[in-house]
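One letter stands for each residue in the lines below.
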Amino acid sequence: MNPVNYLYLAALLFAIGASGVLIRRNVIVLFMCIELMLNACNLALVTFSRMHGNLDGQIVAFFTMVVAAAEVVVGLAIIVSLFRSRHSASVDDASLMKL
Amino acid sequence: MENLIALLVAAPLLGAAVLLCGGRRLDRAGHWLGTVLAAASFVVGVVLFADMLGKGAEDRALHQHLFSWIPVEGFQADIAFQLDQLSMTFVLLITGVGTLIHIYSIGYMEHDERRRRFFGYLNLFLAAMLILVIADNYLLLYVGWEGVGLASYLLIGFWQHKPSAASAAKKAFLVNRVGDMGLSIAIMLMFTTFGTFAFGPVLESTGETSEGKLTAIGLMLLLAACGKSAQVPLQSWLGDAMEGPTPVSALIHAATMVTAGVYLIVRSGAIFNGAPDAQLVVAIVGAVTLIFGAIVGCAKDDIKKALAGSTMSQIGYMILAAGLGPIGYIFAIMHLVTHGFFKAGLFLGAGSVMHGMNDEVDMRKYGGLRKYMPVTFITFGLGYLAIIGFPGLSGFFSKDKIIEAAFAKGGTEGWILGSVALLGAAITAFYMTRVMLMTFFGEKRWQPDAEGHEPHPHESPKSMTIPMIVLAVGSVFAGGFFAIGDRFVNWLEPVTGYEHGHSPLSVATVTGATVVALVIGVGIAWAMYGRKPVPVLAPRGSLLTRAARRDLLQDDFNHVVLVRGGEHLTRSLVYVDHSLVDGVVNGTAASVGGLSGRLRKLQNGYARSYAVSMFGGAAVVIAATLLMRAV
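Computed from a prediction, not measured in an experiment: that's the story for all the values here.

A.B. asks: Now, about the overall build of chain B: what can you tell me, with residues and values included?
C.D. replies: Along its length, chain B carries 24 helices and two strands. With the C-alpha coordinates of chain B rotated into their principal frame, the extents come out at 115 × 65 × 60 Å. The proportion of buried residues among the 631 residues of chain B is 54%. Taking the contacts inside chain B whose residues are at least 6 apart along the sequence as the reference set, 81% of them involve residues at least 24 apart. On chain B, roughly 26,300 Å² of surface is accessible, and the fraction owed to carbon and sulfur atoms is 67%. Counting 45 positive and 42 negative side-chain charges, chain B places the averaged centre of each group 11 Å from the other.

Right under this line is the structure:
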């Protein structure tokens, strides 16, 4: 199968994630869209790694996963505390730099 | 001997410092201290004079270098004095007449609780004037010049509780500032032209300088002289200066202040000799003021203001003579000295009259005072005869010489200036006779004042009459002493230079014409004020009379042109400032503020709008990278 198709898929996923980030207001959905974008990148990295026949891309993909995992931890913590203080899961309610 | 020169200034300066800083404890002795120090200065002057007479004409000038004032490379200003015949003449006049006025003031100011301060100011006045006349460079002269301005301000406004005196002092100071600007510009021009402002080098090197520069310097010096000597167009302060105590008027008009302008022009004679145009302007200013002051003097009912108009006119004679060049310089100074005697005498006489009349100054409320104040009458009368140029008295010799010199100027100018001077002599005779008749002759016209006090005219105390007698003697004999045998000409010639003018008219003709002018003036005055009783209330008078009562509309002119003009100018400048300058500044600020307002909208706090910026930015970077690669 032609690897370029994977790149198209990755671009599609990235676009879906990006538009989700821009359009949706729910923090959890936003967060999931960010994850979608990260994984689209991972897919692209792995695809390029395959196309060029070296492992650099795959290793970077692993790094991305680790960072994403850490980010999920921090991000979820922020979301929880945000929800506690504002009783809302909408990002637009968190438009001020103070409580 | 030259070490004594500084003493001339030091004595009155010390007096001023002690009296002004000494405080109340000097109240009882202050006036004596002031008088003694003024007299000490006079004695030093006489000693120096005697020494000077013992020397040959060429090496009479003394120099004293006290210290370097501003020693900068290429700019040397020294505190140094020069005493030559011209300075000596002024020193004797200033300290001599000044001392007499000090003595007179002891009596005149007896009931004033600020008498000590008054004497301090008088001493300051003398010191400043002495610095002015014995300075050996223009910068030190300027110091004295400003000192005279300051002292006149303090003395004219001495009765500062009267708003009229306070504003008269301010007026004198401000008008003088205009002239002072002229002097400072002249000194700057001298420095750029000659590289120095010491009298010697400046006046000796005028021959190598272009006429244009000399004319510019000359005109600026004339402006300065106009301010101090109350010449048209800067004469408006002199009439108001009568608000000061009468001894101050005598001092300003006879010995100090107004003579400074004449001194400046005669001292700078070499500059004017090299600039005939400036010299002609000097003569014209003198001639115009001569008539102007005389007309004002004719209309005033206030005895001091009538005398002030007369001073303006007599100084006009001196400036006219100084504008004639070497044929006139010496006569300008000679008239200045004789005028110093009779004008001081007249003012002290007027003060004595006021002293006896409860400070009434309106001559229409005098009349018949000769019986009540015999000494004042005789001394005033001698001063009167001297100023109108009665044959044989001081004014006759000095004024006659000026009229002769004016005719000797030659050409049409000579005829015009000479005729103006002759006309001035007739008007002088008219207004002085008017003063004399209204004050001392006719019916008594005084009335009880508002509180019902009838004035009891009486003779003044000895301390006032003795100076008047001394000055009257001077007014009678000084002119003859100077003129006969050309004593004064020989005395001053080494300093100012002298050319004998060749008049198209013979000396006898000019003298005859002067006497005829005198008789006409006296005759008209007698017809108007001697034959008929003088009305107590001033009649309405002709248009000219009413204008002359208002100083020939000088103040109105100043008000309309300068004050109003200045107001309009400042208003339009404020308008330009508000609309144009502020418009640019505020416009810039408003546009920056508006732009920031727009830009601030980007910072709305919504995470997704930041995300859009990030995506947009990333898209631009990627597009740019691709584009660069494609190119």
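A.B. asks: Break down empty space enclosed by the protein for me, citing the residues and quoting the values.
C.D. replies: All names here are of chain B. Counting across every chain of the model gives two cavities of 30 Å³ or more. Taken as a whole, the largest cavity holds about 80 Å³ of empty space. Along its surface, the largest cavity is lined by Gln235, Ser236, Gly239, Phe292, Val296, Lys300, Lys305, Ala308, Gly309, Met312, Asp551 and Gln554. Listed by contribution, the elements that provide at least two residues to the lining of the largest cavity are α9 (236–240), α13 (276–299) and α14 (303–322). Looking at which element gives the most residues to the lining of the largest cavity, the answer is α14, with four residues. In this structure, the second largest cavity occupies an estimated 30 Å³ of space. Lining the second largest cavity are Ile388, Gly389, Gly395, Phe396, Lys399, Asp400 and Thr514. With four residues, the single largest contributor to the lining of the second largest cavity is helix α17 (residues 394–408). Here the residues of the lining of the second largest cavity sort into two nonpolar, three polar and two charged.

A.B. asks: Residues and numbers for the nonpolar core, please.
C.D. replies: Residues and elements named next belong to chain B. Core analysis: the biggest nonpolar cluster contains 191 residues, and Leu83, Tyr138 and Trp237 have the highest contact counts within it. At 16 residues, the largest contribution of residues to this core is made by helix α15 (residues 329–356). Residues within four places of Tyr138 in sequence aside, it is in contact with Ile187, Met190, Phe197, Phe199, Val202, Leu203, Leu264, Ser268 and Ile271.

A.B. asks: I'd like a rundown of the interface of chain B and chain A, residues and numbers included.
C.D. replies: Opposite the seven residues of chain B that make contact, chain A presents ten residues. Summing the contributions of chain B and of chain A, the shared interface buries around 710 Å²; its carbon and sulfur component is 67%. Considering only the side of chain B, the residues that lose the most area to chain A are B:Tyr606, B:Arg608 and B:Phe615, jointly responsible for 69% of the buried surface there. Taken together, the links from chain B to chain A amount to one salt bridge. The shortest N-O distance in the salt bridge between A:Asp92 and B:Arg608 comes to 2.4 Å. For the interface between chain B and chain A, the tally reads one residue pair in polar contact (both at pLDDT 80 or more). Considered class by class, the residues forming the side of chain B that touches chain A number four nonpolar, two polar and one charged.

A.B. asks: Give me the lowdown on the domain arrangement of chain B, citing residues and values where you can.
C.D. replies: Each assigned domain of chain B is listed here: domain 1 (297–539) and domain 2 (559–630). Relative placement of domain 1 of chain B and domain 2 of chain B: their C-alpha centres are 74 Å apart.

A.B. asks: Describe the UniProt feature "domain: NADH:quinone oxidoreductase/Mrp antiporter transmembrane" (unreviewed entry) in chain B, and please don't skip the residues or the numbers.
C.D. replies: UniProt records the feature "domain: NADH:quinone oxidoreductase/Mrp antiporter transmembrane" (unreviewed entry) for residues 135–421 of chain B in the present numbering. In the segment residues 135–421 of chain B, helix accounts for 76% and strand for 0%; the C-alpha atoms at its two ends are 32 Å apart.

A.B. asks: Account for a nonpolar patch on the surface, naming residues and giving values.
C.D. replies: Taken together, B:Tyr575, B:Val576, B:Leu580, B:Val581, B:Val584 and B:Val585 make up a surface patch of nonpolar side chains, about 590 Å² in accessible area. Tracing the sequence through the fold places B:Val576 in helix α23 (residues 554–600).

A.B. asks: Go over the UniProt feature "transmembrane region" (unreviewed entry) in chain A, please, and point to the residues and values.
C.D. replies: Residue and element names in this part refer to chain A. Following the UniProt record, the feature "transmembrane region" (unreviewed entry) maps to residues 6–23, 28–48 and 60–83 here. Between the C-alpha atoms that bound residues 6–23 there is a distance of 25 Å. The span itself is 100% helix and 0% strand. The distance separating the terminal C-alpha atoms of residues 28–48 is 30 Å; by composition the span is 100% helix and 0% strand.

A.B. asks: How would you explain the side chain of A:Glu35 if you had to name every residue and give the values?
C.D. replies: Residues and elements named next belong to chain A. Its location among the elements puts Glu35 in helix α2 (residues 27–52). Buried Glu35, no salt bridge; nearest opposite-charge side chain is Arg24, N-O distance 16 Å. Among all residues touching Glu35, those that are not within four sequence positions of it are Ala68, Glu71 and Val72.

Reading the values: the criteria
In this convention, every chain numbers its residues from 1, walking through the sequence in written order. All chains are assigned letters beginning with A, and all ligands numbers beginning with 1, in the order in which they are written. Where totals are concerned, whole chains, interfaces and linings use all residues; where local detail is concerned, this predicted model gives features only for residues with pLDDT of at least 70, and gives and counts side-chain atom pairs only at 80 or more. With hydrogens and water stripped out, all remaining heavy atoms of the structure feed into the side-chain values. Put simply, DSSP H or I for four residues or longer makes a helix, DSSP E for two residues or longer makes a strand, and each gets a number counted from the N terminus. When accessible area is computed with a 1.4 Å probe and restricted to protein chains, residues below 20% of their type maximum are described as buried, those above 50% as exposed, and intermediate ones as partly exposed. Any two residues whose heavy atoms approach within 4.5 Å at even a single point are treated as in contact. The accessible surface values rely on the Shrake-Rupley method and a 1.4 Å probe; as for residues, cover is taken only from the protein chains in view. Neither His nor the chain termini are counted; the positive set is Lys and Arg, and the negative set is Asp and Glu. For charged residues, the charge sits on one atom: NZ in Lys, CZ in Arg, CG in Asp, CD in Glu. Only protein atoms enter the 1 Å grid used here. Points where a 1.4 Å probe fits but cannot escape make up a cavity, open sets with protein on both sides within 12 Å along at least five of seven lines make up a pocket, and a residue lines them when an atom lies within 4 Å of a point. Grid points are joined across faces, edges and corners, and a volume is the space filled by probe spheres set on the points. Just so you know the grouping, Ala, Val, Leu, Ile, Met, Phe, Trp, Tyr, Cys and Pro go in nonpolar, Asp, Glu, Lys and Arg go in charged, and all remaining residues, Gly too, go in polar. To qualify as a nonpolar core, a set must consist of buried Ala, Val, Leu, Ile, Met, Phe, Trp, Tyr and Cys residues joined through side-chain atoms within 4.5 Å. Two parts placed together each lose some accessible area; with a 1.4 Å probe, that loss summed over both constitutes the buried area. Salt bridges are defined as contacts in which a side-chain nitrogen from Lys or Arg sits within 4 Å of a carboxyl oxygen from Asp or Glu. A 3.5 Å cut-off defines polar contacts: any pair of N or O atoms within that distance qualifies, except that in protein one atom must be a possible hydrogen donor and the other a possible acceptor, and neighbouring residues in sequence count only when both atoms are side-chain atoms. An automatic or database domain assignment is the source of the domain bounds shown. UniProt positions are given in the numbering used here, feature names are shortened, and annotations may be inferred rather than shown by experiment. The patches described consist of residues with a relative accessible area above 30% and no salt bridge, like charges being joined within 9 Å and nonpolar side chains (Val, Leu, Ile, Met, Phe, Trp, Tyr) within 5 Å.

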